[in-house]
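# Results of the structural survey
Residues per chain, in single letters:
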Amino acid sequence: MGASFHPTPRTLMGPGPSDVHPRVLGAMGKATIGHLDPDFVALMEDIKELLRYCFKTKNTLTLPLSAPGSAAMEAAYANLLEPGDKAIVCINGVFGMRMAENVRRMGGELVTVEDEWGTPVSADKLKAALQQHPDAKIVGFVHAETSTGVCSDAKTLCALAREADCLTIVDSVTGLAGVELLVDEWGADVTYSGTQKCLSAPPGISLITFSEKAAAHVQARNTPVQSWFLDLSLLMAYWQGDGARTYHHTAPVNAMYGLHEALLMVQEEGLENSWQRHRAMHDELAKGVQDLGLSFVVDAEHRLPQLNLVRCPEGIDEAAVRKRLLQEYNLEIGAGLGAFSGKVWRIGLMGYSARLENIQLCISALRNCI
Ligand SMILES: *Cc1c(COP(=O)(O)O)cnc(C)c1O
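So, a few notes on the structure that sits alongside this text.

### A look at unusual backbone geometry
The omega torsion of the bond from G16 to P17 falls at 0°, within 30 degrees of zero and hence cis. Looking at where P17 falls in the secondary structure, it is placed in the loop between β1 (11-13) and α1 (22-28).

Here it is, written out as structure tokens:
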């Protein structure tokens, strides 16, 4: 009571949030203005344009949501799915399970395609499911599974779904700016991401883009979107209204300053360079992991450079190591989830965290603690 909060600065190398760039924090400390102020409206336009750049899309319906990545997942299903609609959800980790839960709760008819954790979504299994369920309307999958460190072949999965006339929902919360993501070229219908992974901004905002086909589908719904807050048509009146924008909710103004700065930094670096940097930093981490005699869980071919599952050696208490890293090195790494609990560490190299000095700190700290 009675004292300001002063967090100890940490190096964030877990599954998110990742290190926030000082430029982003600086931007967030600027004067708060009204959320309908002409200056803020101009900022909103810039943000939408920068989002199109980062998603590699021309989609008109591209906007941030004033809530974290989980809300974007919910928005995707809430807007596309109507009660009774059949949705195929590919599950190869925690976030696929959450997609399935969204379908269940929204009254959809759920079909799951399951793959072992630590492996990518199988295109063959999806193909079989699409053949078996020609009435399916939606295919959802996670491009970059943060719980397992696996990158799935989003291009192939989107192509299969499109051939079967299904709309795709692609979770790239951890993928955006970290690995190749080509929304238009791959024909992804709804793709979403977040601020706190490879964009180096704090958690709390998400980003979402709808193809023309997905937008038309939303417009042609027979039932209203069950979530008022996430109803795309209402949100667009605020984010898109020509001239006369209408109040929907009060945008987190300062958080949007931060998002804008983070997106600008991706543009300055160049999206392809950002992918390249994550790959190069992963290679550096891999050298260190090998030097320590440790190994990765995921095959090199399917590994996400920005999220690395490293096996904890037999006889070592993985939680105790993480505790020491935090206490002695102010370094946060992540724990394993589900079947990987107690067996692996999740080392994030996302956005501003993907730097040589972080990798050196992490490897030398691990060397002292195992
Ligand atoms: C982090 C994450 C989310 C959820 O984002 P929050 O900002 O934590 O709500 C969803 N999907 C994936 C793949 C993620 O990594």
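### Focus: the side chain of D231
Looking at the element boundaries, D231 is found in the loop between α8 (212-219) and α9 (232-239). Despite its burial, D231 remains without a salt bridge, the nearest opposite charge being carried by R221 at 7.2 Å. At 2.7 Å, the side chain of D231 and the side chain of S233 are in polar contact.

### Quick look at the pattern of salt bridges
Counting across every chain of the model gives 17 salt bridges. One salt bridge connects E109 with K86, and the closest N-O pair in it is separated by 3.8 Å. Here E109 is found in strand β4 (residues 109-114), whereas its partner K86 is found in strand β3 (residues 86-91), with 23 residues between them in sequence. Among the charged side chains, a network of salt bridges with common partners joins D19, R355 and E357.

### Regarding the site of the ligand
Taken together, P68, G69, S70, F95, V142, A144, T146, D171, V173, T174, Q196 and K197 make up the full set of residues near the ligand. Within the backbone of G69, an N or O atom sits 3.0 Å from an oxygen atom of the ligand. Within the side chain of K197, one N or O atom sits 2.6 Å away from an oxygen atom of the ligand. Within the complex, 89% of the 380 Å² of free accessible area of the ligand lies under protein. Per-class residue counts for the shell around the ligand are five nonpolar, five polar and two charged.

Thresholds, definitions, all that
- Residues numbered from 1 in each chain as written.
- Predicted model: local features only at pLDDT ≥ 70, side-chain atom pairs only at ≥ 80, totals over all residues.
- Heavy atoms only, no water.
- Helix = DSSP H or I, 4+ residues; strand = E, 2+ residues; numbered from the N terminus.
- Buried < 20%, exposed > 50% of the residue type's maximum accessible area, 1.4 Å probe, protein only.
- Lys, Arg positive; Asp, Glu negative; His and termini not counted.
- Salt bridge = Lys/Arg side-chain N within 4 Å of Asp/Glu carboxyl O.
- Polar contact = N/O pair within 3.5 Å; in protein donor to acceptor, adjacent residues only side chain to side chain.
- Near = heavy atom within 4 Å.
- Areas by Shrake-Rupley, 256 points an atom, 1.4 Å probe, with all protein chains shown as cover.
- Nonpolar A, V, L, I, M, F, W, Y, C, P; charged D, E, K, R; others polar.

By themselves these figures say nothing about function.
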